[in-house]
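Coordinate analysis (summary)
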Amino acid sequence: MADRTRTEDVEILERGNVYFFYWAAVGEEVPQGLVDVQRFHFVLSPEGKDVFRVITVGKKRLPEPDDAGQRFWGFVEKVARDSGEVMEELERGRMRDGFGTKRSARPAGEGVYALARHGNHTHLLYALELPAEPNEVQRELRIGKQGSYLMSVKNPKAGSPPSVGLDEQQRAEFPEELQEHFGDRRSIALEPDFLDYEGAELLVMGSEDDPGEELGIDLAPECESEETANLFQELEIDRERHPVEPLLTGKWA
């Protein structure tokens, strides 16, 4: 189970590094906006645990952070044990598409995160370290300087409307001790252990809570640069295959 600390009525379930990536749509060498984005992921690298989780968000961006009514579906696409597996996942589309363009995922942000329980719900909080200030890429993908989102996990044994969510054979198979947490509920507040199973379906929802003021959690982001960025050190990303201008300057590439 994850290491846990408490701050008054807030229980910190997990901390770590977070990385944001997007894929350009087929035929788009240099995207200019959300319409030119095909997929959007964030990668969680928790402290004290040799695992990386690649999470795909269905709407190709994050919800509005202060709109509790927005609910974006997502799922754990890949659980990797080392950075090589992560980069392999993020380079799956690098073969030439029908337009002769080589495509691979492009980094759009780096920061630190925490998963925290507050009352009967779980927050995903993050603070951006790169780029130093959000720019056009981050505005389109709704990657703010910091954010707080409510996170829940869907019961894989609960049904879904047609054409919604993953097919039954793609959904996670949780061990009995995790599956029992659902009871007869369709979804529950996220526990970090659910993220260690590919096919875990998630709901990412806007939250009115401010990470610093409402929850009292200091994420302690650092001032990073191209030389010190964890993305290059931890993920060992290849700058030739993954254009890094969106990460460093927030400009489309």
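The structure contained in this document is the topic of the report that follows. (Residues numbered from 1 in each chain as written. Predicted model: local features only at pLDDT ≥ 70, side-chain atom pairs only at ≥ 80, totals over all residues. Heavy atoms only, no water.)

Overview of the overall build of the chain
Across its full length, the chain holds 5 helices and 10 strands. When the 253 residues of the chain are sorted by exposure, 54% land in the buried category. In the chain, the share of contacts with a sequence separation of at least 24, taken over all contacts with a separation of at least 6, comes to 67%. Element-wise, carbon and sulfur atoms account for 43% of the exposed surface of the chain, whose accessible area totals about 12000 Å². (Helix = DSSP H or I, 4+ residues; strand = E, 2+ residues; numbered from the N terminus. Buried < 20%, exposed > 50% of the residue type's maximum accessible area, 1.4 Å probe, protein only. Contact = heavy atoms within 4.5 Å. Areas by Shrake-Rupley, 256 points an atom, 1.4 Å probe, with all protein chains shown as cover.)

Re the nonpolar core
Counting residues in each nonpolar core, the largest one holds 40 residues, and the members touching the most others are Phe20 and Ile143. Apart from residues lying up to four places away in sequence, Ile143 is in contact with Phe20, Phe40, Leu62, Ala108, Tyr126, Leu128, Pro134 and Gln138. Judged by nonpolar contacts, the second largest core, of 19 residues, contains Tyr19, Phe52, Leu90 and Leu231. (Core = buried A, V, L, I, M, F, W, Y, C linked by side-chain atoms within 4.5 Å.)

Comments concerning empty space enclosed by the protein
A full pass over the atoms with the stated rule returns 1 cavity of 30 Å³ or more. As a volume, the largest cavity reaches approximately 50 Å³. Forming the boundary of the largest cavity are Val18, Phe20, Phe42, Leu62, Leu124, Tyr126 and Tyr149. For the lining of the largest cavity, the elements supplying multiple residues, two or more each, are strand E2 (10-24) and strand E7 (121-130). (1 Å grid on protein atoms, 1.4 Å probe; cavity = no way out; pocket = protein on both sides within 12 Å on 5 of 7 lines; lining within 4 Å. Points joined across faces, edges and corners; volume = space filled by probe spheres on them.)

A few points about the environment of Gly144
Tracing the sequence through the fold places Gly144 in the loop between helix H2 (136-141) and strand E8 (146-154). Classification of Gly144 as partly exposed rests on a relative accessible area of 25%. Sequence-distant contacts of Gly144, that is, excluding residues within four places in its chain, are made with Tyr126, Leu128 and Pro134.

Notes on the side chain of His41
Along the polypeptide, His41 turns up in strand E3 (residues 37-46). Of the residues examined, His41 reaches a relative accessible area of 2% and is grouped as buried. Reaching out from His41, the side chain makes a polar contact with the side chain of Thr56 at a distance of 2.9 Å. Discounting residues that sit within four places of it in the chain, His41 has contacts with Tyr19, Phe20, Phe21, Trp23, Val54, Ile55, Thr56, Glu77 and Leu90. (Polar contact = N/O pair within 3.5 Å; in protein donor to acceptor, adjacent residues only side chain to side chain.)

Focus: the pattern of salt bridges
Pairing is possible between side chains that carry opposite charge, provided their charged atoms lie close to one another. Evaluated as defined, the whole model comprises 14 salt bridges. Where Asp196 meets Lys49, a salt bridge forms, and the shortest distance between an N and an O atom there is 2.4 Å. With Asp196 in the loop between strand E9 (187-189) and strand E10 (201-206) and Lys49 in the loop between E3 and strand E4 (52-57), this pair connects stretches of sequence that are 147 residues apart. Taking the shortest distance from any N to any O, the salt bridge between Arg53 and Asp196 comes out at 2.9 Å. Of this pair, Arg53 sits in strand E4 while Asp196 is found in the loop between E9 and E10, placing the two residues 143 residues apart along the sequence. Linked by salt bridges that have partners in common, Glu14, Lys49, Arg53, Asp193 and Asp196 make up one network. (Salt bridge = Lys/Arg side-chain N within 4 Å of Asp/Glu carboxyl O.)

Comments concerning unusual backbone geometry
For the peptide bond that leads from Leu130 to Pro131, omega is -5°, which places it in the cis range. Checked against the element boundaries, Pro131 lands in the loop between E7 and H2. For Lys60, which is not a glycine, the phi torsion comes out positive at approximately 70°. Tracing the backbone shows Lys60 in the loop between E4 and strand E5 (71-80). With relative accessibility at 23%, the residue Lys60 sits in the partly exposed group. Although it is not a glycine, Ala220 sits at a positive phi angle of roughly 55°.

A word on the pairing of E10
For E10, the buried fraction is high: 5 of the 6 residues fall into the buried class. Direction of pairing for E8 relative to E10: antiparallel, over a ladder of 5 bridges. Bridge pairing in E10 links Met151 to Val204. (Pairing = 2+ DSSP bridges.)

Description of the pairing of E4
With respect to burial, E4 is a largely interior element, 6 of its 6 residues being buried. Judged by which residues are buried, E4 turns out to be covered on both faces: Phe52, Val54 and Thr56 on one side and Arg53, Ile55 and Val57 on the other are all buried. Pairing of E3 with E4 involves 4 bridges; the strand directions are antiparallel. The residue bridging Leu44 from the neighbouring strand is Arg53, located in E4. Between E3 and E4, which pair antiparallel one after the other, the connecting turn spans 5 residues, and Gly48 there sits at a positive phi close to 70°. By the bridge criterion, 6 bridges tie E4 to E5 in an arrangement that is antiparallel. In the sheet register, Val57 faces E5, and the bridge partner there is Gly74.

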